[in-house]
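One-letter residues, chain by chain:
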Amino acid sequence: MQAALNVIEAKAHFDGPERQVFIRVGGHEGRLYLDLGDDAWRAVEIDAAGWRVVGTPPVRFRRASGVQPLPIPTRGGSVETLRNFLNVKSNEDFVLVVAWAIAVLRDRGPYPALVLSGEQGSAKSTFSAVLRALLDPNTAPLRALPREDRDLFIAASNGHVLAFDNVSGLPAWISDTLCRLATGGGFAVRQLYTDQDEVLFDAARPVILNGIEDIVTRPDLADRAVFLTLEAIPEDRRRPEAELWAAFEAERPRILGVLLDAVAEGLRRLPDTKLPKLPRMADFALWASACETALWPTGTFWSAYCGNRNEAVEGVIDADPVAAAVRAVMLERTEWTGTASDLLGAIAEAAGERIAKSKTWPDSPRALSGRLRRAATFLRKVGIELSFEREGRARTRIIRITSTATQANQNDARTRPSATSAASASEHKPRDHQWFRRQQCADAGEQCGRSAR
C-alpha cells in the first residue's frame, strides 16, 4: 500500500500539471475568483459582465488553519449599510475604506496599508475586525505585531488580510518590511535541517494597523498608506458587541454583494481609466477610480485620496524632527547650499537644544544625509527641493536646498502695500499655511485642489 501511494505521489509531483495556488483571491484569464471557504470549495467568479457562484473554479486555493467561510453574497444591498458598522467621521474617510476593501478583492497589489488611530473607546479594534470578517474571516482576526521578518512573511503566506491590533510603534525594520508587503516583496531563510536549501516567501498583502498614537512616521511607509483618525464614541451611542455582530452577520451577504458589483465595474472600466497624475500607489488609485462609478460619481475617490495624502504629508513632516527643522530653516530663504556638517549645525539651531540632543536626532553628517533622502519626497510636496551634488576639484559633497514656497511668498509680498509690523507678524503664518495647502493640492491634481477649497 505504501509503495503504491509513493508511486501515485511521484506521478502527481513530476508528471501532473503545475498550477499556481492562491489564498482567498485568485485570477485566471481576466477573471477574479473569491474563495468562499466552504466545504464544497465553491468560489465567486467575477468578470466584466458581473459575478456568480461557481462550484468548480479553474484556480486552486490553499486554506491554512484558521480560515473561516464567507457568506454566499446576495444582490440588492447598499454600500451605505457598511457605514453603520464602522466608526468613520466623514464621507471622505468612508470612501477610502470602501476603496481599500475593493482593492482587497483584487488578486494583485499594490495594497495600501490601512492605518487607524484614535483615543481609547474609538472602536479601532472593532473597525479592524469588521473589515477582516467582511473580506477574509479568520478565527484569530487581530494579532500582535511579529518580532521578526520571518514571522511576518509566514503570516502573509497563510492569510490574505493581515490585521495588527494595538500597535504602539513601528521599528524601522518592520516599517521597511510592511513597505515590501504593500507593493510586493520576497523573503528567504535557510530551510531547516539543510545547509544549502532556502525557503522563499513572496507576497503582497493588505495590512491593517491600529493604535492610539500616530504609529507611521517614516515617509516610505506613509506614502503607501491610507490614514484614518477615529473619534471617540459617546456613551449614549455605544452598542453591545453581541448586538453589533448579529446585525453585521445579517447584512454581510448584501454588503459583500455590493463590493463585488464594484469589482465587476472595475474590470470593465479599468482599461479606459485615467487620472490627472499618478501617485505612488498608482495601480491602487487606478483600480479604485475604475470601480467607483458603481457606488458614487466619478472623481469622488480621487478627491478623498488627494486630501488624505496631503494630511499624511503634514503629519509625517511634523513627526520627523529633521524634516520639520529643514522647513523651519527654509521659511525665510529661497536657497541653502553647504555640506552636511554645515546643515546639521543649521537645523540643530532651528530645532532647539532639547530636540538636537534627543536619541532621534542624527549624530553624524552621514546619518543626516540618509534622513534627508527619506524625507525628500514629502518635503518636495510642500515646495522644498533637495539635491545632492559634488563641487570643485576635491569633489566635495554639497547639499542644495531650494524653496519655491518662500519665493512665492516674497513675490506675493512685493505686490501688496506694506502693513504695520504687528499686523505683518500676525498674518505671516496663516498665509504660509494656506500656500502649503494649495501647493500640496496642486501636486496631487486639479480635482484635489477643488476639494481642498
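Along each chain, residue indices are assigned from 1 in the same order as the chain's sequence is written. Confidence filtering applies because this is a predicted model: local features only for residues at pLDDT of at least 70, side-chain atom pairs given and counted only at 80 or more, and all residues used for totals across whole chains, interfaces and linings. Side-chain numbers come from the whole structure's heavy atoms, not from hydrogens or water.

**Notes on the overall build of the protein chain**
Our working rule: In this text, helices come from DSSP runs of H or I with a minimum length of four residues, and strands from runs of E with a minimum of two, each type numbered from the N-terminal end. The buried label applies to any residue whose accessible area, calculated with a 1.4 Å probe on protein chains only, is under 20% of its type's maximum; exposed applies above 50%, and partly exposed to all values in between. Pairs of residues are marked as contacts when any of their non-hydrogen atoms sit within 4.5 Å. To measure how exposed things are, a 1.4 Å probe is used in the Shrake-Rupley method; for residues, cover is taken only from the protein chains shown.
Within the protein chain, the regular secondary structure consists of 17 helices and 15 strands. Put simply, the protein chain has 453 residues, and 47% of those count as buried. Expressed as a percentage of contacts within the protein chain between residues at least 6 apart in sequence, the contacts between residues at least 24 apart total 70%. Of the accessible surface of the protein chain, which amounts to about 22900 Å², a share of 49% is contributed by carbon and sulfur atoms.

**A closer look at the side chain of Arg 132**
Note on placement: Arg 132 falls in helix H4 (residues 124–135). Residues within four places of Arg 132 in sequence aside, it is in contact with Pro 137, Asn 138, Ala 140, Pro 141, Val 161 and Ala 163.

**Brief notes about the confidence of the model for the protein chain**
We apply this condition: Confidence scores labelled pLDDT are given residue by residue by the predictor and lie between 0 and 100.
Across the protein chain, the average pLDDT comes to 85, with 88% of residues at or above 70. Every residue in residues 406–453 is under pLDDT 50, and counting partners more than four places away or in other chains gives 55 contacts.

**Observations regarding the sheet that holds strand E12 (residues 225–229)**
We count it as follows: Strand pairing is assigned whenever DSSP detects at least two bridges linking the two strands. Every angle, taken between N-to-C directions, lies between 0 and 180 degrees, and every axis is a line fitted to C-alpha atoms, over only the stretch in contact when it is a helix.
Spatially, E8-E11-E7-E12 is the arrangement adopted by the four strands of the open sheet, whose pairing is parallel. Each edge of the sheet is formed by a strand with only one pairing partner; in this case those strands are strand E8 (162–164) and E12. Strand-to-strand twist of the sheet, defined as the mean angle between neighbouring strand axes without regard to direction, takes the value 15 degrees. Both E8 and strand E11 (residues 207–211) contribute to a ladder of three bridges, which runs parallel. Paired with Phe 164 across the bridge in E11 is Leu 209.

**Details of the pairing of strand E5 (residues 50–54)**
Bridge count between strand E4 (residues 43–47) and E5: five bridges; the pairing is antiparallel. Within the sheet, the bridge partner assigned to Glu 45 lies in E5 and is Arg 52. Hairpin connection of E4 to E5: two residues between the antiparallel strands.

**What to know about the environment of Thr 81**
Within the secondary structure layout, Thr 81 lies in helix H2 (residues 80–83). Judged by relative accessible area, Thr 81 falls into the buried class, the value being 18%. Ignoring anything within four residues of it in the chain, the contact list for Thr 81 reads Glu 251 and Ile 255.

**Looking at the nonpolar core**
Rules: To qualify as a nonpolar core, a set must consist of buried Ala, Val, Leu, Ile, Met, Phe, Trp, Tyr and Cys residues joined through side-chain atoms within 4.5 Å.
Phe 127, Phe 301 and Tyr 305 are the most contacted members of the largest nonpolar core, which totals 63 residues. With 11 residues, the top contributor of residues to this core is helix H3 (residues 91–104). Those residues in contact with Phe 301 that sit more than four places away from it in its chain are Val 95, Leu 96, Ala 99, Phe 284, Ala 285, Ala 288, Ser 289, Glu 292 and Trp 296. Counting residues in each nonpolar core, the second largest holds 50 residues, with Ala 156, Phe 187, Leu 221 and Ala 375 among its members.

**Considerations on the sheet that holds E5**
Across the sheet, which stays open at both edges, the four strands sit in the order E2-E3-E4-E5 with antiparallel pairing between neighbours. The open sheet has two free edges, formed respectively by strand E2 (25–28) and E5, since each of these has just one partner strand. Within this sheet the neighbouring strands show an average axis-to-axis angle of 25 degrees, counted without direction. By the bridge criterion, four bridges tie E2 to strand E3 (residues 31–35) in an arrangement that is antiparallel. Bridge pairing in E3 places Val 25 opposite Leu 34. Sheet contacts for helix H8 (residues 241–269): E3, E4 and E5; angle to E4, the most-contacted strand, approximately 35 degrees.

**So, the pattern of salt bridges**
So the rule is basically this: Criterion for a salt bridge: a side-chain nitrogen of Lys or Arg within 4 Å of a carboxyl oxygen of Asp or Glu.
Under the definition given, this model contains 29 salt bridges. Among the salt bridges present, the one from Asp 47 reaches Arg 31, with a minimum N-O distance of 3.5 Å. Placement of Asp 47 in strand E4 and of Arg 31 in strand E3 is noted, with a sequence separation of 16 residues between them. When its relative accessible area of 12% is taken as the criterion, Asp 47 is described as buried. Between Glu 353 and Lys 357 there is a salt bridge whose closest N-O contact spans 2.7 Å. For Glu 353, a relative accessible area of 57% gives the class exposed. Residues joined by salt bridges that share partners form a network here, namely Arg 31, Glu 45, Asp 47 and Arg 52.

**Quick word on the packing of aromatic side chains**
What counts is decided by this rule: Ring pairs shown here join Phe, Tyr and Trp side chains whose ring centres sit within 6.5 Å, with only the six-membered ring taken for Trp; geometry is labelled stacked below 30 degrees between planes, edge-to-face above 60, and tilted in between. Whether a charge sits over a ring depends on NZ of Lys or CZ of Arg being within 6 Å of the ring centre and within 35 degrees of the ring normal.
Considering all chains together, one arrives at five aromatic pairs under this definition. Each ring, one from Phe 301 and one from Tyr 305, has its centre 5.3 Å from the other, and the planes form 15 degrees; the classification is stacked. Here Phe 301 and its partner Tyr 305 are both found in helix H10 (residues 300–319), four residues apart, which amounts to about one turn of the helix. Looking at Tyr 305, the relative accessible area reads 1%, which means it is buried. Among the aromatic residues, those joined into a ring-pair cluster are Phe 85, Trp 245 and Phe 248. Above the face of the Trp 41 ring, Arg 63 is positioned so that its terminal group lies 3.6 Å from the ring centre. The ring of Trp 51 has Arg 75 lying over it, and the distance from NZ or CZ to the ring centre is 3.9 Å.

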